[in-house]
Amino acid sequence: MTDPKDKETFVLEMFSSIARWYDFLNRLLSLRRDVFWRGFAVKELLKSGGNLFLDVATGTGDCAIEIVKSGGKDKRVIGIDFSPQMIYEGRKKIEREGLSDCISLLQTNALGLPFDNNYFDGAICAFGIRNFSDVRKGIGEMRRVVKDGRRIVILEFTNPANKVLRGIYHIYFKKVLPIIGGIISGKRCAYKYLPDSVMTFPDRDEFKKIMEEENIRNVQSFALTFGIATVYAGVK
Ligand SMILES: C[S@@+](CC[C@H](N)C(=O)[O-])C[C@H]1O[C@@H](n2cnc3c(N)ncnc32)[C@H](O)[C@@H]1O
């Protein structure tokens, strides 16, 4: 898919079509590791303090919720996503958790954020950046809306460094996951897109370099669960 507009349309329709099953399948297919990965990323985000945070490509709002649960109810979070169905599921969950006073979800595109420069005390994006039609623009937008000295944290899938583990992981990711995801959600193509998009995404060192080239300072990368996921944390 070379045309950025085609990729955006495909990604939007794909996530909207699986929104109802998204949380259940995340927990099942990752054996709940996704909860730990987001928790780690949020801890990195909260390190530089502040009260107002942005969760980019928030989906059903898991990072936004984790920010308030870990950081306290004085935190305010705006979560943005371009899928109305994901936002719908997210709002229901936030209401159930009693966090509607702390978290607002907004339907908008991450590549043109409707916020002033230097507005937030930090921005996070979990499993979103790989789906953007322009990764550098996505990083640039996060950087633009964050205050100087505050943190930008990105969580994304990566490949395990160990060859044997990588082999096992690839069999699971490419063969098993699309079958289970397809049966439950009825959208096998979405769970085939997941491994395909991870395999073509820049590896850990390459992505860290991209963040540095986009003027994020002190970028650190943390490989989690044998390197299946990586948290990148840097400062504006
Ligand atoms: C894999 S989900 C991640 C959701 C959530 N952050 C999480 O940790 O579960 C990716 C999300 O990115 C959103 N997304 C992808 N491209 C986007 C864009 N350009 N602008 C806004 N949202 C986008 C999709 O709608 C989807 O909800």
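Residues numbered from 1 in each chain as written. Predicted model: local features only at pLDDT ≥ 70, side-chain atom pairs only at ≥ 80, totals over all residues.

1. Focus on the packing of helix H2 (residues 33-46) against helix H3 (residues 62-71)
Two quantities define a packed helix pair, namely the angle between the helix axes and the distance between the axes. Contact pair H2 / H3: the axes reach a minimum separation of 9 Å and the direction vectors enclose 60 degrees. Judged on the interaxial angle alone, H3 and H2 are oblique. At the point where H2 passes H3, the crossing takes the right-handed sense. On H3, the residues that touch Arg-38, Gly-39, Ala-41, Val-42, Lys-43, Leu-45 and Leu-46 of H2 are Asp-62, Cys-63, Glu-66, Ile-67, Ser-70 and Gly-71. (Axes fitted to C-alpha atoms, helices over the stretch in contact; angles between N-to-C directions. Helix = DSSP H or I, 4+ residues; strand = E, 2+ residues; numbered from the N terminus. Parallel < 35°, antiparallel > 145°, perpendicular 65-115°, else oblique. Left-handed = near helix turned anticlockwise from the far one by under 90°. Contact = placed C-beta atoms within 7 Å.)

2. Concerning unusual backbone geometry
Positioned with a positive phi, Asn-218 is a non-glycine residue whose angle comes to about 50 degrees. Mapped onto the secondary structure, Asn-218 falls in strand S6 (residues 217-224). One non-glycine residue, Phe-226, lies in the positive phi region at around 60 degrees. Taking the number of C-beta atoms within 10 Å as the measure of exposure, Phe-226 has 15 and is therefore partly exposed. (Buried ≥ 20, exposed ≤ 12 C-beta atoms within 10 Å, placed from the backbone.)

3. Some thoughts on the pairing of strand S2 (residues 76-81)
With five of six residues buried, S2 lies mostly within the body of the structure. Relative to S2, strand S1 (residues 52-56) is paired through five bridges, and the arrangement is parallel. Across the sheet, Asp-55 pairs through a bridge with Gly-79, a residue of S2. Each parallel crossover has a hand, and the one from S1 via H3 to S2 is right-handed. Of the strand pairs in this sheet, S2 and strand S3 (residues 103-107) are connected by five bridges, and their pairing is parallel. Looking at S3, one finds that Asp-81 is bridged to Gln-107. Read as a crossover between parallel neighbours, the route from S2 over helix H4 (residues 84-96) to S3 is right-handed. (Pairing = 2+ DSSP bridges. Right-handed = clockwise from strand over helix to strand, strands pointing away.)

4. Side note on the nonpolar core
Formed by 61 residues in total, the largest nonpolar core has its most connected members in Ala-41, Val-56, Ala-123, Ile-124, Val-153 and Leu-155. Setting aside chain neighbours within four positions, we find Ile-124 in contact with Ala-41, Val-42, Leu-45, Phe-53, Asp-55, Val-56, Cys-63 and Val-153. (Core = buried A, V, L, I, M, F, W, Y, C linked by C-beta atoms within 7 Å.)

5. Examining the sheet that holds S2
The seven strands are arranged S3-S2-S1-S4-S5-S7-S6 in an open sheet whose pairing can be described as mixed. Of all the strands in the sheet, just S3 and S6 have a single pairing partner and so form its edges. For this sheet, the mean angle separating the axes of adjacent strands, direction not counted, is 15 degrees. Of the strand pairs in this sheet, strand S4 (residues 120-126) and strand S5 (residues 146-157) are connected by six bridges, and their pairing is parallel. Bridge pairing links Ile-124 to Val-153 in S5. Packing of H2 onto the sheet brings it into contact with S1, S4, S5, S6 and strand S7 (229-235), and relative to S5 it is tilted by some 165 degrees.

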